[in-house]
Amino acid sequence: MTTTSPVEKVGGATATYVDQRVGSNKFLSRNLGKVFPDHWSFMLGEIALYSFIVVLLTGVFLTLWFKPSMAEVVYDGSYVPLKGVLMSEAYDSALNISFDVRGGLLLRQMHHWSALIFIAAMAVHMFRVFFTGAFRKPREFNWLIGVGLTTFGLLAGFSGYSLPDDLLSGTGLQIARGIVQAVPVVGTWAAFLLFDGEFPGTEFISRLYGVHILLIPGLILALVTIHLMLVWTQKHTQFPGPGRTNDNVVGYPLLPVYMAKAGGFFFIVFGIIALVGGLVTVNPIWIFGPYMPDQVSAGSQPDWYIGFLDGALRTMPNWESVIPGVGWTISWNILIPALVIPGIIFTLLGLYPFIEAWVTGDKREHNLLDRPRNAPTRTALGMMAISFYVLLWVGGANDIIAVAFDLSINSIIWFLRITLIVVPPLVFVVTRRTCLGLQRRDREKLLHGYESGRILRLPHGEFIEVHQPLSEKDIAVITAKHDYAPLPAPDKADVDGVRNKRYRAQMLRHQLSEFFYGVNVPKPSAAEIEAGQHHAAHDAAIEAPLHEYEDADQIHTFHGGVLHHPGMAETNAEQLQQEQRS
Amino acid sequence: MSDLTTPQGNPDGHGSAPAKLGYSPVADIPHKPRATDTDPKAARRAERQVASMFLLSMLFVVLFVVAYVAIDKTSVVYIPVMGEVGASNVALGFTMGMAILLIGTAAIQWAKKLMPDVEVVQQRHDMVSPKRATLEAEANYERGKEESGFVRFRLIRRTLIGAMVLFPIPLVVMLRDLWTPTEYTEGKSPADLLSTTLWTGGMRIVADGTYQGEHSETDSGGEITGEPVSPDDSLAHRPIRPEDLPVGGLIAAIPLDLPEVEHAEGNLNARGKAAIILVRMEPDEIRSQQGTGWDVEGILAYSKICTHVGCPIALYEQRTHHLLCPCHQSTFDLADSGNVVFGPAARRMPQLPIGVDEEGYLVALSDFEEPVGPSFWERG
């Protein structure tokens, strides 16, 4: 294995050349064998990264043909239905990309699909990180970067589908301008500055273009780089399992296994996006026609990730106030759904790791992931937020739903106005109960082993259900749970009667801590587990001799004598027969 | 390569080679050898599978180039499920997708079947820096603070802060000219511009004959119908007489001047404010309107731009006289002053007072009496 090919000789010489100049071998020596833990859910972030690379790549190609200009031209391309129609250069060039550049439509559709996948993958990746507690110390910064990436991802998507200047994209911009205009005090001026005057103007597409192809991707690229560097230095979290501790990483080395798997996965994501881009139409701008400020098509739908905002706009009651005397207008009906609600969502999202750390008073580093059931309050809060988001999202599709299910739009809106307030707390309660139920089940398993479903009658007449001892892996996974105790209530004054000045803050912290950790099914002690598993092993040992009755008659007799319930007899007899056969 | 595979043969995890590499195998995870570990035939089969995928990938690249050259960009094929699709796009997407995908599947198969599948362990270290490094950093900071005199020279410190706060101001000030008024907007404030439209007393109303596109076919559906009556060609860009519009009908219309103004201004801004719809109902069906006598024989003119966030409104239900915005479903009752009956819009639809000129054509009596389109701070 020590033979060196000519290629390797060149490679080695290059490595030496580079090393003498930048000292790269120090990095390589530490990192070529770097261990990465393996779990399917760790691929979600990879999908986000790879689809972002595809967005960048296809986007660079699109810039070669796209003309971000609102100057009017007459269409004269291959798409017959629009021949001779007056339109902006932006729309004209987007049509040319779709019909007259070979592979252009493929690039456009790959760009759009990979953008949709990028944002979806970021969202699901964020769920994984949230529900497993991967955002805890030392990874709070990476969580914040992730929230930033999601925000910029939404902006990138919105600015992108606003560029082709088709009827749908123009309608989206019209709505965006309406929102800007609703901002108190500066809104009207801000809208005029952004659009160089009234809507639609002639400048906005070229301004948006710079934002879409340089500013936002630059920011995303910078944040992605820091995100990955932090993942690299802090090492990836891992799920609990045998041999896995808070102080180690168990998995595969970078070279060759992780590199082959991650590199291969990049090509899989890329390949699938290319297939989807070739086979599934997305954003058929030629059907919508060029943008005109006095036209619209019914069933106007934004891309999926803007749906929650559109739903919020649709669901909001029509409140507006005018300050008497000065005549200033406050459009609550736009401000609340379009700015306040997203503002609250993203602020809470960003602050969550810090809130949880404060409430728990936990200062340790966490490299072992939580199972969602073991953090019932966090899991319930997450599900509550998701249910709120999903309901808003349903609101964004209310017209489609109304048509598809023959419902009245008005009743859908009223349904949402009520459920947006009622459902999230319900989801919270149900999720937390479910988590506690699962914890109880885990405890049972640790104390008694798992139920094998086999009923035995012992020689002295006692019936038992055979419990089997858990596997090493199951025990390791279940016992990795950490039982937090709520923080104690503060004293109003110390023993000398000096008033506690920080009483209020401490009380709030105590109450939140009660809220977080007041409900919990404590993990059994090591001795209890030992006893429980021993008991299960004992059960299994009792059952073992059964299998020695190889003579079918004996078994039937034995069981015929034991089991009184006919249904149960059947089941158990069948099971035994199956066991015999195998 | 041999060093890296050592852990497999090193179940106790204390071998010298893996320790040097920074990781050791996990002793207590039972490892079941794969067929490719024990059976050389299976290993060779896996090798052939991986190599075939790489080969196929190359083949698809060739097919891509062939498709790029051979398939006409306008040719259409019928594919079951997908229907009529552009042949070039499907062929290029399929071949390129397969070429890339096969590289990925080959690499994964290689990793899963032929590379070691024994998990290894590496130690972590807390992120916190060693105490000594922190002390050194602190000492360096103190030295810098002392040597710069940042604390001693109070005047320097304060003027520095002032300069740092002020220097971005030019960058912000320059943004003012993001909006440069034209000869048409010179001297007018944003609020003025948003409050006026092209309509003036005596301005004729003409049917809008701009391109409607294929999208109009999606305009109807579900309970709310009311396909906007697209002006027939004979009406496009022509002034409208009351008798052109039947009871229950709707026409999208614009001021007579609009095309000229658009041409002169070089933008579509005037259209975004002046677009209206004309609807006709039996005069006794009109319960109220925004001004007395603003209709002509049951013909009412309303702004087409939604007062919520500005979408053009297209869906009209003849039976109820409700006008529904397709964007956020604000609903206005045109038989009752255009008042909001449902949805997020707070303001009624502005009505345009109309009459008939001496030649019998519909004209505006004045501009709108309230601003059209979405609310804004100064609107009042």
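To be clear, the structure that these remarks concern was listed above.
Residues numbered from 1 in each chain as written. Chains lettered and ligands numbered in written order. Predicted model: local features only at pLDDT ≥ 70, side-chain atom pairs only at ≥ 80, totals over all residues. Heavy atoms only, no water.

Caption draft 1: Highlighting the overall build of chain A. The helix and strand inventory of chain A stands at 21 helices and eight strands. In summary, chain A has a C-alpha radius of gyration of 31 Å against a globular reference of 25 Å for 582 residues, an excess of more than 25%. Once the C-alpha set of chain A is aligned to its principal axes, its extents read approximately 95 × 80 × 65 Å. When burial is assessed residue by residue, chain A has 49% of its 582 residues classed as buried. Sequence-distant contacts in chain A: of pairs separated by 6 or more residues, those separated by 24 or more amount to 74%. In chain A, 43 positive and 49 negative side-chain charges are present, and the distance between their average locations comes to 8 Å. (Helix = DSSP H or I, 4+ residues; strand = E, 2+ residues; numbered from the N terminus. Rg over C-alpha atoms; globule rule 2.2 N^0.38 Å. Buried < 20%, exposed > 50% of the residue type's maximum accessible area, 1.4 Å probe, protein only. Contact = heavy atoms within 4.5 Å. Lys, Arg positive; Asp, Glu negative; His and termini not counted. Charge placed at Lys NZ, Arg CZ, Asp CG, Glu CD.)

Caption draft 2: How the structure looks around the pattern of salt bridges. A complete count under the given rule lists 31 salt bridges over all chains for this structure. The salt bridge partner of D76 of chain A is K83 of chain A, with a shortest N-O separation of 3.6 Å. What makes D76 of chain A exposed here is its relative accessible area of 63%. Accessibility expressed as a relative area gives 43% for K83 of chain A, which makes it partly exposed. One salt bridge in this structure joins R204 of chain B and D357 of chain B, with 2.8 Å as the shortest N-O distance. On the criterion of sequence distance, the pair formed by R204 of chain B in the loop between α9 (190–195) and β5 (205–207) and D357 of chain B in the loop between β14 (354–356) and β15 (362–364) is long-range, its members being 153 residues apart. You'll find R204 of chain B and D357 of chain B in the same group, each marked buried. Put simply, R136, E356, D370 and R378 of chain A are held in one network by salt bridges that share partners. (Salt bridge = Lys/Arg side-chain N within 4 Å of Asp/Glu carboxyl O.)

Caption draft 3: How the structure looks around the pairing of strand β6 (residues 250–255) of chain B. Residues and elements named next belong to chain B. Of all six residues in β6, six are buried; the element is thus mostly enclosed. The pairing of β5 with β6 spans three bridges and is antiparallel. If you follow I205 over to β6, its bridge partner there is P255. Bridge count for β6 against strand β7 (residues 276–280) is four bridges, and the pairing is antiparallel. (Pairing = 2+ DSSP bridges.)

Caption draft 4: Representation of the packing of aromatic side chains within the structure. Tallied over the full model, the rule gives 34 aromatic pairs over all chains. Clustering of aromatic rings is evident, with ring pairs tying together Y50, F265, F266, F267 and F270 of chain A. (Phe/Tyr/Trp six-rings, centres within 6.5 Å; stacked < 30°, edge-to-face > 60°.)

Caption draft 5: Structural view of unusual backbone geometry. Look at the link from K137 of chain A to P138 of chain A: it is a cis peptide, with omega at 5°. Looking at the element boundaries, P138 of chain A is found in the loop between α5 (104–131) and α6 (140–161). Here the residue pair L255 of chain A and P256 of chain A is connected by a cis peptide bond, since its omega of 5° sits within 30 degrees of zero. Positionally, P256 of chain A belongs in helix α10 (residues 254–279). If you check the backbone angles, V81 of chain B has positive phi at about 75° while not being a glycine. You can see V81 of chain B is positioned in the loop between β2 (76–79) and β3 (83–86). With phi around 65°, Q329 of chain B is a residue other than glycine that occupies positive phi space. If you trace the backbone, Q329 of chain B turns up in the loop between β10 (322–324) and β11 (331–333). Owing to a relative accessible area of 1%, Q329 of chain B belongs among the buried residues under this scheme.

Caption draft 6: Broad picture of the nonpolar core. The biggest cluster of nonpolar side chains holds 61 residues, and the ones touching the most others in it are L82, L95 and I220 of chain A. Among the nonpolar cores identified, the runner-up in size contains 28 residues, and V296 of chain A together with L250, I313 and C327 of chain B belong to it. (Core = buried A, V, L, I, M, F, W, Y, C linked by side-chain atoms within 4.5 Å.)

Caption draft 7: Highlighting helix α4 (residues 40–70) of chain B. All names here are of chain B. If you check α4, its first and last C-alpha atoms are 44 Å apart, about what 31 residues at 1.5 Å a residue would give, namely 45 Å. Buried residues along α4 sit against α3 (35–38) and α5 (87–113). The N-terminus of α4 is capped by D39, whose side-chain oxygen sits 2.9 Å from the backbone nitrogen of K41. (Expected span 1.5 Å × (residues − 1). Polar contact = N/O pair within 3.5 Å; in protein donor to acceptor, adjacent residues only side chain to side chain.)

Caption draft 8: Fine view of the packing of helix α1 (residues 6–22) of chain A against helix α2 (residues 24–31) of chain A. Residues and elements named next belong to chain A. Closest axis-to-axis distance for the α1/α2 pair is 7 Å, and the angle between their directions is 110°. With respect to α2, the element α1 is oriented roughly perpendicular. Of α2, the residues touching α1 (which contributes A15, V18, D19 and V22) are S24, N25 and K26. The residue inventory of the contact of α1 with α2, partitioned by class, reads three nonpolar, two polar and two charged. (Axes fitted to C-alpha atoms, helices over the stretch in contact; angles between N-to-C directions. Parallel < 35°, antiparallel > 145°, perpendicular 65-115°, else oblique. Nonpolar A, V, L, I, M, F, W, Y, C, P; charged D, E, K, R; others polar.)

Caption draft 9: Just a positive patch on the surface, in detail. Residues and elements named next belong to chain B. A contiguous patch of positive charge, built from K41, R44, R45, R48 and K113, is present on the exposed surface. Looking at which element gives the most residues to the positive patch, the answer is α4, with four residues. Within the secondary structure, R44 sits in helix α4. Using a relative accessible area of 46% as the deciding quantity, one classes R44 as partly exposed. (Patch = residues over 30% accessible without salt bridge, like charges linked within 9 Å, V, L, I, M, F, W, Y side chains within 5 Å. Areas by Shrake-Rupley, 256 points an atom, 1.4 Å probe, with all protein chains shown as cover.)

Caption draft 10: Spatial organisation of the state of the cysteines. All names here are of chain B. Throughout the structure, instances matching the rule amount to one disulfide over all chains. Here C311 is linked by a disulfide to C327, with a sulfur-sulfur distance of 2.2 Å. Since a negative S-S torsion denotes a left-handed disulfide, the C311-C327 link at about -95° is left-handed. Pair noted here: C311 is in the loop between β8 (299–303) and β9 (315–317) and C327 is in the loop between β10 and β11, with a separation of 16 residues, a long-range link. Neither residue differs from the other here; C311 and C327 are each classed as buried. The closest cysteine sulfur to the non-disulfide-bonded C306 is located on C325, 4.0 Å from its own sulfur. Among the residues examined, C306 registers a relative accessible area of 1% and is labelled buried. (Disulfide = S-S within 2.5 Å.)

None of the figures reported here should be taken as evidence of function without further support.
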